[in-house]
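Structure assessment
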Amino acid sequence: MKNIIIMSLLIVFIPFHSFGNEIIGKSIKCELKKSKTDMNPFSIEKILPPYYFYFENSKTLIYYYPQRIKGVLKILSMRLNFDEKKSQIDIWSIWNKDKRYVGSINKDYFIFITRKYKINKRKYYCSYLSSPKKIIEDFKKFIKKIDP
């Protein structure tokens, strides 16, 4: 009898659960894993900022990035588009009516793979942040490390 009750509860709740767009309203940080054997202080992996994303709705996300303006490193943001598929999230920007592919997040392994570098695609390991406010706090910590 207990098995029948459990099955009927699953039948009732499954249609109401949204399997798509589970990332909406979430903030994530994607960063390179730094190798302990890499001791080169000028290594590009040591200075590349993490990717910070806030998934605003089912089509757009906000990407936060650093930019030096008049000698001061500031946090800026840009709206990007995305498509959420079964196993990945494809991210792109629209520039002069051209669709420019930024990269994709593998949902199974939570890895962001950039398409910025054709020869050397970079893998960024992602993690959830508690809120969009946490993005700014975390980014400020990163800026203090590279620009004391």
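Located above this text is the structure these notes cover.
Scope of this entry: the structure provided in the associated data block. None of the values given here were measured: they were computed from a predicted structure. (Residues numbered from 1 in each chain as written. Predicted model: local features only at pLDDT ≥ 70, side-chain atom pairs only at ≥ 80, totals over all residues. Heavy atoms only, no water.)

1. Looking at the packing of aromatic side chains
Counted only if it meets this: Aromatic rings from Phe, Tyr and Trp, taking only the six-membered ring of Trp, are treated as a pair when their centres fall within 6.5 Å; an angle between ring planes under 30 degrees marks them as stacked, one over 60 as edge-to-face, and anything in between as tilted. The helix count covers DSSP runs of H or I at least four residues long, the strand count covers runs of E at least two residues long, and both are numbered beginning at the N terminus. A 1.4 Å probe rolled over the protein chains alone gives each residue an accessible area, and that area as a share of the maximum for its type sets the label: buried under 20%, exposed over 50%, partly exposed in between. To sit over a ring, a charge needs its Lys NZ or Arg CZ within 6 Å of the ring centre and within 35 degrees of the ring normal.
Tallied over the full model, the rule gives 13 aromatic pairs. Here Phe53 and Tyr63 contribute two aromatic rings whose centre-to-centre distance is 5.8 Å and whose plane-to-plane angle is 40 degrees, an arrangement assigned as tilted. Taken as a pair, Phe53 in strand E2 (residues 51-55) and Tyr63 in strand E3 (residues 60-69) lie far apart in primary sequence, 10 residues in all. Judged by centre distance (5.4 Å) and plane angle (75 degrees), the ring pair of Phe53 and Phe112 falls under edge-to-face. In this pair, Phe53 sits in strand E2 while Phe112 sits in strand E7 (residues 111-114), placing the two residues 59 residues apart along the sequence. Each member of the pair, Phe53 together with Phe112, is buried. One aromatic cluster is present, built from ring pairs that chain together Tyr51, Phe53, Phe55, Tyr63, Tyr65, Phe82, Phe112 and Tyr124. Cation over ring: Lys26 sits above Tyr128, and NZ or CZ is 5.6 Å from the ring centre.

2. Focus on the state of the cysteines
Rules: Here, two cysteine sulfur atoms that lie within 2.5 Å of each other are counted as a disulfide.
Summed over the entire model, instances satisfying the criterion amount to 1 disulfide. A sulfur-sulfur distance of 2.1 Å marks the disulfide that ties Cys30 to Cys126. Measuring the twist about the S-S bond at about 105 degrees, one finds the Cys30-Cys126 disulfide to be right-handed. Of this pair, Cys30 sits in strand E1 (residues 27-31) while Cys126 sits in strand E8 (residues 123-129), placing them 96 residues apart in sequence. The same class applies to Cys30 and to Cys126, which are both buried.

3. A word on the sheet that holds strand E4 (residues 72-84)
Under the convention used in this document: Two strands pair if DSSP finds at least two bridges between them. To define axes, lines are fitted to C-alpha atoms, for helices over the stretch in contact only, and angles between the resulting N-to-C directions are given on a 0 to 180 degree scale.
Spatially, the 8 strands close up into a barrel ordered E1-E2-E3-E4-E5-E6-E7-E8, and their pairing is antiparallel. Put simply, the sheet's adjacent strands are angled 35 degrees from each other on average, direction ignored. Sheet analysis places strand E6 (residues 98-106) next to E7, joined by 4 bridges and oriented antiparallel. Residue pairing across strands places Asn106 opposite Ile111, the latter belonging to E7.

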